[in-house]
Every structure is written in C-alpha cells, then in structure tokens.
Number of protein chains: 2
Amino acid sequence: MRTRKSRDRSRLIAAAMQQIPCDLTIENVKLVNVFTGEVYPAAVDVLDGYVVRVREEGETTEAPSAQTYDGHGAYLIPGFIDTHMHVESTMMIPENLGRAILPWGTTTVCTDPHEIGNVTGIEGVKFMLKNAKKAALRQYVLAPSCVPAVPGVEGAGASFGAKEVGELLDLPDVVGIAEIMDFVGVYKDNERMHTIIAEGDRRGMFLQGHAPLVHGKELAAYRLGGPISDHECNTPGEVGEKLRAGMHINLRASSIVDNLPVLLEGCKGHKWRDNVSICTDDVHAKDLLETGHINAVFAKAVKWGADPVEAVKWGTINAAREYGFDDLGAIAPGYIADMQLVDELDGRRPNAVFLEGQLVAENGVYLAQDPEDNEELTFPNTVNIPQITCEEDFRLKAPEGCGDSVKTCVIYLEKDGNRRRSVWIELPVKDGYVSLEGHDDLQYCCIANRYGSGDKTVAVIKDFGLKEGAVASTVSHDSHNFTVMYKDPADALAAAKELARVGGGMCAVRDGKVLDTLCLPVGGLMSPLPCAPLSEEIRRVQEAMAGLLSKKGSLLMVAVFALPVVPGIVVTDKGLVNGFTQQIVSQFDLN
Amino acid sequence: MRTRKSRDRSRLIAAAMQQIPCDLTIENVKLVNVFTGEVYPAAVDVLDGYVVRVREEGETTEAPSAQTYDGHGAYLIPGFIDTHMHVESTMMIPENLGRAILPWGTTTVCTDPHEIGNVTGIEGVKFMLKNAKKAALRQYVLAPSCVPAVPGVEGAGASFGAKEVGELLDLPDVVGIAEIMDFVGVYKDNERMHTIIAEGDRRGMFLQGHAPLVHGKELAAYRLGGPISDHECNTPGEVGEKLRAGMHINLRASSIVDNLPVLLEGCKGHKWRDNVSICTDDVHAKDLLETGHINAVFAKAVKWGADPVEAVKWGTINAAREYGFDDLGAIAPGYIADMQLVDELDGRRPNAVFLEGQLVAENGVYLAQDPEDNEELTFPNTVNIPQITCEEDFRLKAPEGCGDSVKTCVIYLEKDGNRRRSVWIELPVKDGYVSLEGHDDLQYCCIANRYGSGDKTVAVIKDFGLKEGAVASTVSHDSHNFTVMYKDPADALAAAKELARVGGGMCAVRDGKVLDTLCLPVGGLMSPLPCAPLSEEIRRVQEAMAGLLSKKGSLLMVAVFALPVVPGIVVTDKGLVNGFTQQIVSQFDLN
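Parameters at a glance
- Residues numbered from 1 in each chain as written.
- Chains lettered and ligands numbered in written order.
- Predicted model: local features only at pLDDT ≥ 70, side-chain atom pairs only at ≥ 80, totals over all residues.
- Heavy atoms only, no water.
- Phe/Tyr/Trp six-rings, centres within 6.5 Å; stacked < 30°, edge-to-face > 60°.
- Lys NZ or Arg CZ within 6 Å of the ring centre and 35° of its normal.
- Pairing = 2+ DSSP bridges.
- Helix = DSSP H or I, 4+ residues; strand = E, 2+ residues; numbered from the N terminus.
- Axes fitted to C-alpha atoms, helices over the stretch in contact; angles between N-to-C directions.
- Buried < 20%, exposed > 50% of the residue type's maximum accessible area, 1.4 Å probe, protein only.
- Core = buried A, V, L, I, M, F, W, Y, C linked by side-chain atoms within 4.5 Å.
- Contact = heavy atoms within 4.5 Å.
- Least-squares fit on C-alpha atoms with pLDDT ≥ 70 in both.
- Arc of directions from axis to C-beta.
- Buried area = accessible area lost by both parts, 1.4 Å probe.
- Salt bridge = Lys/Arg side-chain N within 4 Å of Asp/Glu carboxyl O.
- Nonpolar A, V, L, I, M, F, W, Y, C, P; charged D, E, K, R; others polar.
- Disulfide = S-S within 2.5 Å.
- pLDDT = per-residue confidence, 0-100.

Chemist: Tell me what's going on with the packing of aromatic side chains, and back it up with residues and numbers.
Modeler: Tallying each qualifying case throughout the model produces 22 aromatic pairs over all chains. Ring pairing ties together the aromatic residues Tyr140(A), Phe206(A), Tyr323(A) and Phe325(A), which thus form one cluster. One cation-aromatic arrangement involves Lys462(A) over Tyr412(A); the distance from NZ or CZ to the ring centre is 5.2 Å. The positively charged end of Lys313(B) is found above the aromatic ring belonging to Trp272(A), 4.9 Å away from the centroid.

Chemist: A description of the sheet that holds strand β28 (residues 575–578) of chain A should follow, citing residues and the corresponding values.
Modeler: Residues and elements named next belong to chain A. With respect to topology, three strands assemble into an open sheet ordered β27-β28-β29, the strand pairing being antiparallel. The open sheet is flanked by β27 (569–572) and β29 (583–585), the only strands paired with a single partner. Taking the axes of each pair of neighbouring strands and ignoring which way they run, one obtains an average angle of 45° across the sheet.

Chemist: Let's hear about the pairing of strand β2 (residues 39–47) of chain B: which residues, and what values?
Modeler: Residues and elements named next belong to chain B. Burial analysis of β2 places seven of its nine residues in the buried class, which makes it a mostly covered element. In this sheet, β2 lies alongside strand β1 (residues 24–32) in antiparallel orientation, the contact comprising seven bridges. Within β2, the residue paired with Ile26 across the bridge is Val44. Counted along the chain from β1 to the antiparallel partner β2, the turn is six residues long, and its residue Gly37 has a positive phi close to 80°. One ladder, built from six bridges, connects β2 with strand β3 (residues 50–56); its direction is antiparallel. The residue bridging Ala42 from the neighbouring strand is Glu56, located in β3. Counting the residues that bridge the hairpin from β2 to β3 gives two residues, and of these Asp48 lies at a positive phi of roughly 55°.

Chemist: Talk me through the nonpolar core; I want residue IDs and the actual numbers.
Modeler: One recurring pattern in soluble globular proteins: nonpolar side chains tend to sit buried together. Core analysis: the largest hydrophobic core is formed by 67 residues, its most contacted members being Val52(A), Phe325(A), Phe160(B) and Ile180(B). Top element by residues in this core is helix α8 (residues 216–225) of chain B. It accounts for five residues. If you look at the next biggest cluster of nonpolar residues, it comprises 66 residues, including Ile93(A), Ala285(A), Val475(A) and Leu555(A).

Chemist: Would you mind going over the environment of Ala368(A) in detail, with residue names and values included?
Modeler: In this structure, Ala368(A) sits in the loop between β17 (365–366) and β18 (405–413). Residues contacting Ala368(A), with those up to four places away along its chain left out, are Ala136(A) and Val360(A).

Chemist: So what about the pairing of strand β26 (residues 513–519) of chain A? Which residues, and what values?
Modeler: Residues and elements named next belong to chain A. Examined bridge by bridge, strand β25 (residues 505–510) and β26 share six bridges and lie antiparallel to one another. Across the sheet, Val509 pairs through a bridge with Val514, a residue of β26. Between β25 and β26, which follow one another and run antiparallel, lie two residues, and Asp511 among them has a positive phi close to 50°.

Chemist: Kindly report on the relation of the copies chain B and chain A, identifying the contributing residues and their values.
Modeler: The transform that puts chain B on chain A rotates by 180° and translates by 0.0 Å along the axis, for an RMSD of 0.0 Å. Interpreted geometrically, this transformation is the action of a two-fold axis. The residues that chain B uses at the interface reappear at the interface of chain A in 100% of cases, marking a shared surface.

Chemist: I'd like a rundown of helix α5 (residues 162–169) of chain A, residues and numbers included.
Modeler: Residues and elements named next belong to chain A. Where α5 is concerned, the buried positions are Ala162, Val165, Gly166, Leu168 and Leu169. Around the axis of α5, the buried residues are gathered within 160° of arc, so they sit on the same side. Buried-residue contacts for α5 involve α4 (114–132), β8 (138–143), β9 (174–180) and α7 (191–202).

Chemist: Before we move on, can you summarise helix α9 (residues 236–244) of chain B with the specific residues and values?
Modeler: Every buried residue of α9(B) is listed here: Glu238(B), Val239(B), Gly240(B), Lys242(B), Leu243(B) and Arg244(B). One or two steps after α9(B), the chain reaches Gly246(B), where phi turns positive at roughly 85°.

Chemist: So, the environment of Gly347(B): which residues are in play, and what are the values?
Modeler: All names here are of chain B. Of note, Gly347 is situated in the loop between β14 (339–342) and β15 (352–355). Look at Gly347 and you get buried, because its relative accessible area is 13%. Separated by 108 residues in the primary sequence, Gly347 and Val239 place their C-alpha atoms 23 Å from one another. Not counting residues up to four positions away in its chain, the partners in contact with Gly347 are Asn295, Phe298 and Ala299.

Chemist: Mind laying out the sheet that holds strand β8 (residues 138–143) of chain B, listing which residues take part and the relevant values?
Modeler: Residue and element names in this part refer to chain B. Strand order in the open sheet made by the five strands is β6-β7-β8-β9-β10, with parallel pairing throughout. The open sheet is flanked by β6 (80–85) and β10 (206–209), the only strands paired with a single partner. For this sheet the average axis-to-axis angle between neighbouring strands, irrespective of direction, equals 30°. For strand β9 (residues 174–180) and β10, the ladder comprises three bridges, and the chain directions are parallel. Across the sheet, the residue bridging to Ile180 is Gly209, located in β10.

Chemist: Got a sec to walk through the interface of chain B and chain A? Specific residues and values, please.
Modeler: Taken residue by residue, the interface counts 52 residues in chain B and 52 residues in chain A. Summing both sides of the interface, chain B and chain A together bury roughly 4800 Å²; the carbon and sulfur share of this comes to 56%. Looking at the side of chain B facing chain A, the largest losses of area belong to Leu224(B), Arg244(B) and Trp272(B), adding up to 19% of the total buried there. Counting across the chain B and chain A interface gives 14 salt bridges. Looking at the side of chain B that touches chain A, the elements that each hand over two or more residues are α1 (9–16), β3, α6 (183–187), α7 (191–202), α8, α9 and α13 (308–315) of chain B. The greatest single-element share of the side of chain B that touches chain A, amounting to eight residues, is contributed by α8(B). Among the residues forming the side of chain B that touches chain A, the class breakdown is 22 nonpolar, 13 polar and 17 charged.

Chemist: Mind laying out the state of the cysteines, listing which residues take part and the relevant values?
Modeler: All chains considered together, the criterion is met by zero disulfides over all chains. With no disulfide partner, Cys146(B) has as its closest neighbouring cysteine sulfur the one in Cys279(B), 16 Å distant.

Chemist: Account for the confidence of the model for chain A, naming residues and giving values.
Modeler: Per-residue confidence for chain A gives a mean pLDDT of 95, with 99% of residues at or over 70. For this predicted complex, the interface confidence score (ipTM) comes to 0.93, while the overall pTM stands at 0.94.

Chemist: For unusual backbone geometry, give the residues involved together with the corresponding values.
Modeler: Of the consecutive residues Val147(A) and Pro148(A), the connecting peptide bond is found in the cis state with omega at -5°. Relative to the elements of secondary structure, Pro148(A) occurs in the loop between β8 and α5. The linkage connecting His477(B) with the following residue, Asp478(B), adopts the cis geometry, with an omega of -5°. Even without a glycine there, the phi angle at Asp463(A) is positive, about 60°. Positionally, Asp463(A) belongs in the loop between β22 (456–462) and β23 (470–473).

Okay, structure coming up:
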C-alpha cells in the first residue's frame, strides 16, 4: 500500500540520472540502513519529497541539488512511525499534535480516534481527519472498532456497528480498523465484531488487535478472527506466544503503562524480531513536551538493553511493513523522504527533522509552513449529567437488609498500572449508605453517564491514595463518562458542577472548592491549546491533584477504571463489570 | 494481499475454541517458527486448509481432529515459495510441474510465462494459467513485461505493450509484472517500460526486477522506475548495494547459472536479511527429478554456510512478504496450511508435503487427487523458418571487399555462465564466406527467426566446445528463435529440418544425420510428458549432444546467446546486439 503521496516516476528517474537537479541533499551524515543494519557515511538526494539516491563516500553528482543541508556527521535515520496512539490522550487536537511531535522525530502516526468517537461519533472522527491537515505530520486514522468498548455494560455518546465502520473505512487517510479490543467478542465470534471485521476484510484493510492476557486457544481464535497485532502484553511469555503466533507486537510505553522491560524480555532469544514495532498509545501533552514521543520509548528500550540500530528498525521499517506501507520507514530510492538527524542513537531529540524532504523541525523548534487558516473552532459542551443534582447522588447505597456492615467489592490497580484487581472488604453501613470510616486506604469512585442517559455507579476503590477532597475527569476510557474519586460527596458534587460548566476536563477539589481545572472543551477530551501552554495547565492541575494524594500518580490514573475490555473488575456508568466475561457483576456479597 | 483461497472465519474460530473438530492434526514434529527462529516440539491443527493452532508440548484439545499424521519427530517447515521461475524452462507444462515439484516441498511458485508469451502471446499465457489448474501446486503468474525483451533488435512471436500487460494483470492469479528486464528502458524512462509499469502501479501490483550489473545512479533510477527485486547479481558488492537500496534479492541457482556463494557473500555482515528470498529461474525437468527445486537451492545455501533456520525463512515467509501474501509462508493461526516434514534442515527431499492441509506427497510420490480431465491437448507447430532452404543459408557471408581475412566479432561465455564477452579475431575468408579453418575453438551459431519474418544471423562463437556436427534448439531466450551451433552447414540444415518437422525442441546432428531429438511441441518450448519420461528424453539428447562436445555443458547452453538484456554481446535474428546499449553492433571490424 502506498501512502497518499503522489509520485512522478519520470522526474525521479531524471533526477537519479543527474539530468535534473534534486531539491535537497543532506550531506555529511552517518546513514543507518534499516534493510541491512549497516551504518555508513552518506549523502542523501531528495526530489518531490522522495529519496532519489543515497550516495556513499566518493559518489558525486553532476547535477547538484538546489539546497544542501550539512548533517555535521550526525546519524540520519528514518522518521519514526507510531503504530498505535490516541491523539485524544495527548489532550491536544491533531494539528497541535503535529506541531508537538515532529520536533521529536515522529513523522507518521497511525491513530485510533475512538475516544472522540465514543463522545461525538462519526463527526468526531471526521473532525480529527480534517484538523490533522492544518499542520505537518502524516496522520493516518484507523476506524474505531469498539465504540463503545462493550455494548450493554457501559453508556457512550455513540455506537459504531459495521455500517459506521464501513463508512469510516471509505474516508481518505483511513487505513484500517483500530484496536479490536472486544477480544471476547472476537473469540466468541459475536455478530458485532464479526460484521465489523468483515468490513475490513472486504477492503483488504489492516486489522489492529488488543488482547491482553489472551493466550492458548483463545489467542488462536482471536487471531483467526482477524486482528494481527497487540500492544497490551503483560508478561514476557505473553510476548513470546504472540510473536510465535505471527502477531505484530507494538512495544508500548505510555503515560499510563510502562512495562517495557517485560516486553523486551519477551523478544529475547529470538533470531529476529521482524514483527516488533513501537507505539505510545496514551501520552499526554506534558510528557510529550518533556520527554518526547516514539523517541522516548526508543530511549527506554535502549536503556533496557535493546540494540540501538535494531530499535531504529522497530520504530521505522517494521512499523511500515506492519501496515503494508511500501514507501515509508527507510532511506532508500523511492521511499518518502521522512528523516531525522540525531547525534546519538539513544532517543534524544533530533537536531533536524525532514518530512517529505522539507525541513520541518530543528533543535526542537517546529518550522513547517502550515496552511493559512482563519477558521474559528467551536466545540459544543458534551457534558450532560442531569442525574447529578445533590450530594446524595454520590453516596453508595447499601443493599436492603444488609445490617450494619456489608461485604463490598473493592477495586485496586496492580502496581504496573495495567491490571485491575478486586477484593471483598466488609464495610460499615450508616443510615443505609456504605461508609469508608476506618479505612483510610479506601475512597469512592463515581462514574456518571455524561450523554444524558442518567446512569451512574458509585464504587469503592482501594489504594488510589486520595487523602482528602476529590479528583475528577471527563477523560475516562473509553466511554469518557464523568469520573470522580472522593472521600466526601460534597467535593464530588463541586467537581461535577465545575466540569459540566467548562464542558469537560479535569479538576481537583478540596473542602467543596475547586483548586484547579484543566479545561478540555473539545469533547471533554482535548484542549485547543498548543503543547506548551497546555502542559502548563496540566502541570498546574496535576500539582493541585498531588496535594490531595498521598502517593505519586499519573495524571490519567483517574481515567483507567472504566474500560471493560481489560482483565479484572472495572466500573462503568451501568455498574461493576468483569472485563474477562464482559458481564455486570454484583457489587455486594450477601451470602 | 491474500491468496485466492476462501476463508470462513466463523468455522476457524469455532475450531480454535474446540467447538468443532479440525480436519487434520500433524503431531510429533519439531516446528520451525519463521517469525522467531525458534524450533520446538508441537502439534499443528488444520481446518479448511488453514492452520488453526500450533499446540506446544502439553497443550491438548477437547475436539480431536478427524485425522492425525505422525511426524515421527521430523522438522515441520512451511512449504517453499519460488519467487521467480519460468515453467517453460522445466520443459514441462504447468500441470506436470505441479506433480514434479510438490514432492520436493515447493507449494507456491510465482512464474513468469514470458517464454511462451514470446512464442504465442497472450493465448500462451492463458494456456499456462488454465493448465496449472489441472494439478495441485499454487501457481501464480506474473504478466511478462518484456515480450520481446528488447523491441527492434530481435524478432519474437508476439509483442506486449501496456495494453496487453494490463489485460493480463486483470486475469485471476496474475499477481504482478514479471522481471522487468529492459533495465535500460527503465532507467532511460522509455515509453514502453513507463507505460507497462504504469499498468502495475494503477493496480498496486508487484513489480519484479532484473538488473544485472546495474549500479550507482542507474540502479537508483531503475528502482525509482518501479522494480523492487533482482535475481541477477554477479558480485557480492552488487548484492550488498541492491540490499542497501531496499531491493529484494532472490538467491538463484538454476540449470544455467549458479553463483550462490557469491550471492551469499553479498549478504554477509548484515544484521538481518529480511529482503532475501530464493528462486530457481530456469531449471529443467531432469535437474528437478534428480535434485529437486527450491530445496536444491536451499541445500546449496546451507552447504555454503547459510544458517539452516534462516534459510527456511528465506524460502518461505520472506518470499511471501516480498509479494505481500499475508497468509502464506508460515505455520501459525490464519496461515494457509502449506507445510513439509523434513528429517534434516539440509535441503533433502521431504517425507511429506501438505498443500492447504491436504497430504499431496509422501517420500517423493505425488498423491494429490487431481480433477478428472478428458481434454486432449493439441499444439500448433510454431516453427516457421521459410528462410532456411539450403546449406548456404548457414554460411557466414564476409563483407564486400574485405580481402582474404576479416576481423570478426567472436562471442564467448565467461565461466560462471552468466556473462557474455566478445573478442575480435582475424578469420580467413574463402569464396566470400568467413571460414573457421585453423580455429578448432570456434564454431558458427545461427539464429533464425521462427515466426515467419525471414530474419537470420550467422555469428561465430568461441569455446562452446563443439567438436563436430551440430546442436540445435528452439528454446533460446527469450524470443526462442531457432538456434544452432555447428561446424558444418550441412549439419545445421539437417537440424533445422528436424526441429521444423517436430514443432520444436532440441536435437543433435552428426554427418548430416539426426542423432537424437527432444520433442517440445508445446510452443517449441515444452513437452506434454511428465517429469520422469521427459527427463529420460532429456538425458538421451544430452548424451547425444555430449558426444559432439569436448567439454561438459548444460542442456540449455545453446539457449543463452540470444538474450539482449544481459551484459555483453549477444546474437539475435537481427544481428549482433550490445546488451548494455541495446543496439545492433557491427560483426566485422573493417577499419
């Protein structure tokens, strides 16, 4: 599959034959060849955004290029390709993503807009596609497969069936179906997943997977159902089993999950790792600003022992091959001239980044000439929580006739952040409500539908680390319902009022007062701000949240309790859900 | 790109979930995993021709398969894929090819029918496609790009332009454009090659290359012109340069050329060899019968030091990836169950071969149930040489006024068989004809158009090894004109009459008498006989030829002097041609 870029073979041939000059030569570089793993001195000629020729030492040209760029002996490597990410998790809109990550050397992203899809449906996906064009960066979109993640056990703002997915697959720059998270639906061959995948099959399109802890016969069935990749491994054995099964493993380190050493361990002892690529999944603006994007995962991989030249391959040509892009991911004749100059192969920020042969960033500064744009973006308020009116709405009602205590299902996160666990705890009942008195390690969590259905669930969470007040978010994977962690319902109510007022975001509340708010008016998920000022807002709200917490936590730690396609017990607006069986389970044990 | 095989995901999922039984389990094997390079004990479940699951030690199934096959501890590897071959060179028709090579472990071939294309045009290609269906073996066809190889300097039976290539590309089982041999036409961007390649581009199809000794700026231009592969390297440096340029290298060892050590040397020192696959190009029936097919190249590669497990990867998944076949070349869920059991990874004949999960060969015996077929094949005589009537037609006329000797261009083959060289030799002139008296190392070569144009060329060849008589062939790459090597024109005339009578083939003549004839009535290229009796005919004619020769030579050594897309001077029916400049050159130096 070729990218969307046009190509005039005659001009490229003429340039190679030195009959017409190229646009640009990047000279004095150490080229990293992703086909052979060799590194050697070279100069690279570019025309019309394509690599025309890599000239090795002593090879001159009769037709000098219009421009030359001195690489000063740095490594020249292909631009990075992110095989799986959600733009919404950066909290930026696509155009600002481009401006933020091109300077870090990422030139192509394959994004899953299922966050905005869950909030505003197909229109949201179209907004992402259109907005991406306002800045440089090659942004491909995958049609969200699981909106909502699991129908029936959560309420979202939209629902995609085969018809909607098919409609999206026919849009330009949509290259496949995004993480097919309903792995149970796939290996049980339910109608929704079957018909959605059939839309991809019909068009011969890429089918992205998501199958944490799936193994053995279920893994075989999942693979036979369609999906070819995974970015959710938990153990080295899981990585090894999936690679043996021919799946592509996207090495992920995100703002939420980082178990990269485990993933790398799973690739060890193999003769080759053709099916390994890199992804960021969920990284927010502040992390992007401070440590970068794919380069940051690359840096960690190298730190954990990966061969730097091989890691370049993972982040470039392996990713392109995973998608079947036959003109991306390498620096060779006929490849699109997406390249970066780096002083060392350690994941540091590149000195210069080229997209289709254009210098788009230098020393961290975005330089691309974006199209003139006078369109004012307006965003409807998507936070609609009529069921929240008073403090009592945030109390956890004890079951009828349970006496003065009740065995309650309490949820906690394992420390790698990627698995939900639950435990039964006997909690006191006061005035018909479950009390957390005497349990400093516990707090309430309320997830309230924000699309007008009126549903809400109050649950108990352990070891979240809340000392006082409340932290709340309308970013809450994947239905993005209003989610708040609190000790005192009064604080939760204040948080709900604040986020409803600003159209979504995150906030910290103490003693009924809002300490700070991160406004995310674009679907309650994204800010129209560029990376740097947004990062400052993130820093502020994170600081405010940190004051309420007894332990360090990710900004997005509030956002990971609602996803019913990960193992363990999660909370949705409809109740507690077992992520393996995808069924509502009982919150109380009355036996 | 998927193969032509249909797939019912629901049945495959149900089988993986052990809800329905599989068709077959191959148990007690050492599986070679081409994704990881690991080798481990396993059992493989198959349904509907697809691998459902690879069960490792201790993994059982609740739904035992209808049949089991005991691998007796042998290695189970994917069926081999030949990335480039001409069925016509085997001298068998496609159905007999299938019966001959499946027992050697090849399950997929990507063939270039440009030999028959040069003789009988599109109808010939359609015959190959249709006839392939009469036996097992997955036969894909590439649309011949160079019929004739170079227009204007040779006369063939057909001529393909963009229109004809486009028509072929739209046929089922045609997967790309075959070896784009007119490399000069590509890097000079001539209209024929440009418009032919555009037909492939328009359909997003595979573009196979052929570019011996092309390097530097011409190689870049060739690559930019479209072709992505090469099977014609002459030196390790050439292999290295092409791999660096992102091209696929098809390691070739054929009945004509075998420089495998050179090719392997060119891959050394690379961190990985993702773009390396294996092909046979031209192998005749007798070699197939005696040593095999891809397995024979595999055996040589291992003998020359290749890692056997990596060589399995070259012959399977790397080949599939080169073509973009995403369900071939591996043993994993969702892959087509093309597999072979081998006692050692040394290229020996497999114990058993499975095609789409069916046992199709065991210990060298073809077992597939071919469709009932009562069609009688008839083939028109394609040998039409009205210009040959008498002995004088085979004499080499000296140029006017040259005196009693003339400096003549004499052609010879370098000893690796892959490069033509030429030298000027002063030869005596008698009665207006060039004589070879006193030059025992020389013989005449006549190439006569066999499609009725009336063209012919008589040239002088050195070191062919002919002691007496004549050897003749209508197999003569790529226009397949009547070609004869001789000392005495009377022998050449007898050979011409014989091959015209039988509709083409090869023969040996001494003292004006035909010693033996290999009849190839299918386009003068192929026999309707199966491999074993055909091999016996080949052996006989080869023996007869050997009696006339002072040195050992390949059966096809007569066939390689006419191809105007290889470096050096070649002979066509229109004259002597420089393979690099693709222009007719002078046979005599009169300065």
